[in-house]
Amino acid sequence: MNNSEQQTFTGIATARGYAIGPVFIYRDAGETPVPEYVVAPARVDEEMMRLSRARLEATRDLEGLIAVLKERTGREDVKVFECHLMLLQDDMLRQETDAYIRKERLNAEAAVRKTVNRARAQFARMNDPYFRERVRDLDDVERRLQKALAGFSSDSKIELKEPAIVVADDLTPSETIQLPRDLVLGFALNKGSATSHVALLARSLAIPSVCGLGDVTARVKPGETLLLDGTNGAVTLNPTAEARAQFEDLIARQRALVRETGKSRPAGSLRDDAGVSIQANVQRGADIDALRKFGARGVGLYRSEYLWLDREREPTEEEQFEAYSSVIAQVKNLDPGASTTIRMLDIGGDKLVKGISAKEANPFLGNRSTRYLLGHPGVHRAQLRAVLRASAYGPTKIMYPMISCIEEMRAALRAVESVKRELDAAHIPYDAHAPIGAMIEVPSAALIADELAGLCDFFSLGTNDLIQYTLAADRGNESVAYLYQPFHPAVTKLVGHTLAAARRHGIPVSVCGESASDPVVGVFWVALGAQMLSMSATYIPPIARVLGQLTRADLSEYAKIPESLPEGSTGTEIAEACHEWLAHRVTDFEDALL
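Computed from a predicted structure; not experimentally measured. (Residues numbered from 1 in each chain as written. Predicted model: local features only at pLDDT ≥ 70, side-chain atom pairs only at ≥ 80, totals over all residues. Heavy atoms only, no water.)

1. Thoughts on the pairing of strand β7 (residues 225-229)
Along β7, 4 of the 5 residues are buried, which leaves the element largely enclosed by surrounding structure. As defined by bridge partners, strand β3 (residues 18-26) adjoins β7 across 5 bridges and the pair is classed as antiparallel. Note that in β7 the partner of proline 22 across the bridge is threonine 225. Between the antiparallel neighbours β7 and strand β8 (residues 234-237) lie 4 residues, among them glycine 233 with a positive phi of about 75°. (Buried < 20%, exposed > 50% of the residue type's maximum accessible area, 1.4 Å probe, protein only. Helix = DSSP H or I, 4+ residues; strand = E, 2+ residues; numbered from the N terminus. Pairing = 2+ DSSP bridges.)

2. Describing the sheet that holds strand β12 (residues 396-400)
Sheet architecture is closed into a barrel: 8 strands sit in the order β9-β10-β11-β12-β13-β14-β15-β16, paired in parallel fashion. Averaged over all adjacent pairs, the angle separating strand axes in this sheet is 25°, with direction ignored. Judged from the 4 bridges that link them, strand β11 (residues 340-343) and β12 form a sheet pairing that is parallel. Considered in β12, the bridge of threonine 340 is made with threonine 396. In the packing of helix α16 (residues 406-425) onto the sheet, the strands contacted are β12 and β13 (436-440), and the crossing angle to β13 comes to about 150°. (Axes fitted to C-alpha atoms, helices over the stretch in contact; angles between N-to-C directions. Contact = heavy atoms within 4.5 Å.)

3. Let's talk about the side chain of threonine 498
Here threonine 498 is to be found in helix α20 (residues 489-505). A residue is classified by how much of its surface remains accessible, and threonine 498, at 0% relative accessible area, is buried. Among the polar contacts made by the side chain of threonine 498, one reaches the main-chain carbonyl oxygen of leucine 494 at a distance of 2.9 Å. Excluding its chain neighbours within four sequence positions, the residues that come into contact with threonine 498 are Ile440, Ala446, Ala449, Phe459 and Leu461. (Polar contact = N/O pair within 3.5 Å; in protein donor to acceptor, adjacent residues only side chain to side chain.)

4. With respect to α20
Its 17 residues give α20 an end-to-end C-alpha distance of 24 Å, which sits within 8% of 24 Å, the value for a rise of 1.5 Å per residue. Along α20, the positions that sit buried rather than exposed are Val491, Thr492, Leu494, Val495, Thr498, Leu499, Ala500, Ala501 and Ala502. Looking one or two residues past α20, glycine 506 carries a phi angle of roughly 70°, positive in sign. (Expected span 1.5 Å × (residues − 1).)

5. Some thoughts on empty space enclosed by the protein
Vacant regions in the atomic arrangement are exposed by a probe of water-molecule size rolled over the atoms. If you walk through the whole model with that rule in mind, you get 4 cavities of 30 Å³ or more. Space inside the largest cavity adds up to approximately 160 Å³. In this structure, the largest cavity is lined by 15 residues; those nearest its centre are Leu87, Leu93, Val116, Val141 and Leu145. Elements that contribute at least two residues to the lining of the largest cavity include exactly α1 (44-72), α2 (75-88), α3 (91-102), α4 (108-124) and α6 (135-150). The leading source of residues in the lining of the largest cavity is α6, at 4 residues. Broken down by class, the residue content of the lining of the largest cavity amounts to 9 nonpolar, 2 polar and 4 charged. (1 Å grid on protein atoms, 1.4 Å probe; cavity = no way out; pocket = protein on both sides within 12 Å on 5 of 7 lines; lining within 4 Å. Points joined across faces, edges and corners; volume = space filled by probe spheres on them. Nonpolar A, V, L, I, M, F, W, Y, C, P; charged D, E, K, R; others polar.)

6. Thoughts on the pattern of salt bridges
Using the criterion set out here, one finds 26 salt bridges in the structure. Across the salt bridge formed by arginine 219 and aspartate 215, the nearest N and O atoms sit 2.9 Å from each other. In this structure arginine 219 comes out as partly exposed when scored by relative accessible area, which is 41%. By sharing partners, the salt bridges in this structure join Glu317, Glu318, Arg381, Arg385, Arg389 and Glu422 into a single network. (Salt bridge = Lys/Arg side-chain N within 4 Å of Asp/Glu carboxyl O.)

7. A few points about the packing of aromatic side chains
For the coordinates displayed, the defined rule picks out 7 aromatic pairs. Ring centres of phenylalanine 487 and phenylalanine 524 lie 5.2 Å apart, and the angle between their planes is 65°; this geometry places the pair in the edge-to-face category. Of this pair, phenylalanine 487 sits in the loop between α19 (463-471) and α20 while phenylalanine 524 sits in helix α21 (residues 519-528), and the two are 37 residues apart along the sequence. Consider the rings of tyrosine 558 and tryptophan 581, whose centres lie 5.0 Å apart with planes at 40°: the pair is tilted. Here tyrosine 558 is found in helix α23 (residues 552-559), whereas its partner tryptophan 581 is found in helix α25 (residues 571-585), with 23 residues between them in sequence. Looking at tyrosine 558, the relative accessible area reads 0%, which means it is buried. (Phe/Tyr/Trp six-rings, centres within 6.5 Å; stacked < 30°, edge-to-face > 60°.)

Here it is, written out as structure tokens:
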């Protein structure tokens, strides 16, 4: 094929949106060759001194970078490099590297590489994609050490002079954070995943991103025009005039959709009533002010586990309090009555945190989430104290994940009451009426929803795990991906059962799983009775547009589509019928899928 002809490459959609721009290829100029040789016995102490000086230089570089970032950017970026500093100062990693030099008489460069390779292999074997991605943190720390040992500068800046789409094999956190953000139109990477630092940054800044493109760096040239589709995971090189015009139209429609969201009526409003509240899923470091642009009316899911995942120790009560109170105080200004729902620590099983959790044979069915908290009362108490203290700064809800039985919910509530008594005794202010709720993520919880509703102030449907556990299908496993169906009759029956139980007990239900952001599925949950949807902020405008064109009567009709189909209809057939129904009711429905 002629290189000037239009070519399209597919990868993983990691941050939705569209971009057109010239290619800027970033090649890692800092991949330092790592020599390996045996050090003479008389020079071992000298080699140790070389390593000590390199560690000191890398530490100073990181501390300087952290100080600068605290002045100009968010806590999310700072935490990445605080994690790198902890890795650099980790006693076990240091002792292992020192031993290679003293006992095996390896040179410092080879000793560092050998230590990092062993740690890298441990991370890569973990089931959790988040921890597999932490290999990039190890790579970044090693690069700093190797460059210091070689006498080079630790930081290589990406010299962007005009707006462009950054094309690279992959980007480390250090490289990502030094990007001139106002000039980055999008990311197109050979490697990476939805949990990489680039993907997280791209989503938080609404920068389109496609990862996992294989060898895109070898197929493009600097300055060539690229169309980047972060919604569907594709990039098009050397587009025809017609393809470019169509793409420019997509961009214009998407921008118009964002501008329209929440202007005349709040996001989630129906044509004939207030509809539902659409809120955002966030973690520490999120730009809360930016949520307003997309129409978020609160935070329906604050992922507290991110306070643990980037550090080698449990965060203190004060560190947690600082994080929670900051986001709560900001969120209350988003919308009248805007609240923040804090999900209690969702960790355990294969989400390992040094010093507080252990590897298990079957992590997805193991000691995770609320089970972990109940088994570690010290961790549980510290988090509850921090959350309750923070509740004095604005409307706050407390949500327990992975509840599977009545005993767990009762134990969690006893812990809450115990901490409240502590705070009362110490005259520490908090919201004594902060709602306490359960996430319905496993079939057992859905089936005993009536009993749980009698204990809870609200439910939140975590459809990612509910679908996975109901259908015994890992959504990350391509060989069984066809089974991961939100409209599967077993799933919709469990959701319907949960919503009916909540109605009987007069408690609200939200949906914070990934399916909430899909207009076809999210509207169906609303039609069944969900009062709130929570999703990544950039996904709010499309579903808000769809809901804004429907009436309550429309939703009643929409909810009956599955039962109107022939008996035995599959999840796929129900999804197709729902898509077709919306396409006939909603003007420019396909725009909602942008």
